[in-house]
Amino acid sequence: ATDVDTTAKIQEIVDTINAGNIIEQYAEDNTNTVPAITDYANAGVTGVDAANLAEVNAAIDALVATDVDTTAKIQEIVDTINAGNIIEQYAEDNTN
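Analysis parameters
- Residues numbered from 1 in each chain as written.
- Predicted model: local features only at pLDDT ≥ 70, side-chain atom pairs only at ≥ 80, totals over all residues.
- Heavy atoms only, no water.
- Helix = DSSP H or I, 4+ residues; strand = E, 2+ residues; numbered from the N terminus.
- Contact = heavy atoms within 4.5 Å.
- Areas by Shrake-Rupley, 256 points an atom, 1.4 Å probe, with all protein chains shown as cover.
- Buried < 20%, exposed > 50% of the residue type's maximum accessible area, 1.4 Å probe, protein only.
- Arc of directions from axis to C-beta.
- Lys, Arg positive; Asp, Glu negative; His and termini not counted.
- Salt bridge = Lys/Arg side-chain N within 4 Å of Asp/Glu carboxyl O.
- Patch = residues over 30% accessible without salt bridge, like charges linked within 9 Å, V, L, I, M, F, W, Y side chains within 5 Å.

1. Some words on the overall build of the protein chain
Turning to step 1, where the next piece is worked out: Along the backbone of the protein chain there are four helices and zero strands.
Turning to step 2, where the next piece is worked out: Reading the protein chain from its N end, one meets helices and strands in the order α-α-α-α.
Turning to step 3, where the next piece is worked out: Once local pairs closer than 6 in sequence are excluded, the contacts in the protein chain between residues at least 24 apart make up 47%.
Turning to step 4, where the next piece is worked out: Put simply, the protein chain shows about 6000 Å² of open surface, and 54% of that area lies on carbon and sulfur atoms.

What follows is the structure, given as structure tokens:
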């Protein structure tokens, strides 16, 4: 019960759920709200920034809601994109 003993803690849970819903809804239908960096952060996903947001959203758009219905599933997508970007950057300039 101490996890939800303040308004701020409850709001954090609500924000996490709402952000996850935005991402799921976008996966299901790309006419829904496009996820922002803050949506991924609020959903507990790390590694999304201005440099890769469009690529992450394109990957999410290619999926359906059940493919992104947990933080772990979304994080795996982001991690895969970021790993690919590191490899691409190194291939272009092996000093990266």
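2. Regarding helix α3 (residues 53–61)
Turning to step 1, where the next piece is worked out: Those residues of α3 that fall on the buried side of the exposure criterion are L53, V56, N57 and I60. One side of α3 holds all its buried residues, which, seen down the axis, span an arc of 95 degrees.

3. Describing the environment of T33
Turning to step 1, where the next piece is worked out: Topologically, T33 is positioned in the loop between α1 (7–28) and α2 (37–42).
Turning to step 2, where the next piece is worked out: Along the backbone, T33 and I22 are eleven residues apart, and their C-alpha atoms lie at a distance of 6.6 Å.
Turning to step 3, where the next piece is worked out: Leave out the neighbours within four places in its chain, and T33 touches I22 and Y26.

4. A look at the side chain of N57
Turning to step 1, where the next piece is worked out: Among the secondary structure elements, N57 is positioned in helix α3.
Turning to step 2, where the next piece is worked out: The residues contacting N57, other than those within four sequence positions of it, are Y26, V34, P35 and Y40.

5. Some remarks on the side chain of D39
Turning to step 1, where the next piece is worked out: As for its position among the elements, D39 is in helix α2.
Turning to step 2, where the next piece is worked out: In this structure, D39 is buried with no salt-bridge partner, the nearest side chain bearing the opposite charge being K73 at 19 Å.
Turning to step 3, where the next piece is worked out: Those residues in contact with D39 that sit more than four places away from it in its chain are A19, I22, I23 and V34.

6. Re a nonpolar patch on the surface
Turning to step 1, where the next piece is worked out: Taken together, the side chains of V4, I10, I13, V14 and I17 make up a nonpolar region of the molecular surface, amounting to roughly 390 Å² of accessible area.
Turning to step 2, where the next piece is worked out: The topology assignment puts I13 in helix α1.
Turning to step 3, where the next piece is worked out: Residue I13 is classed as partly exposed on the basis of its relative accessible area, which comes to 39%.

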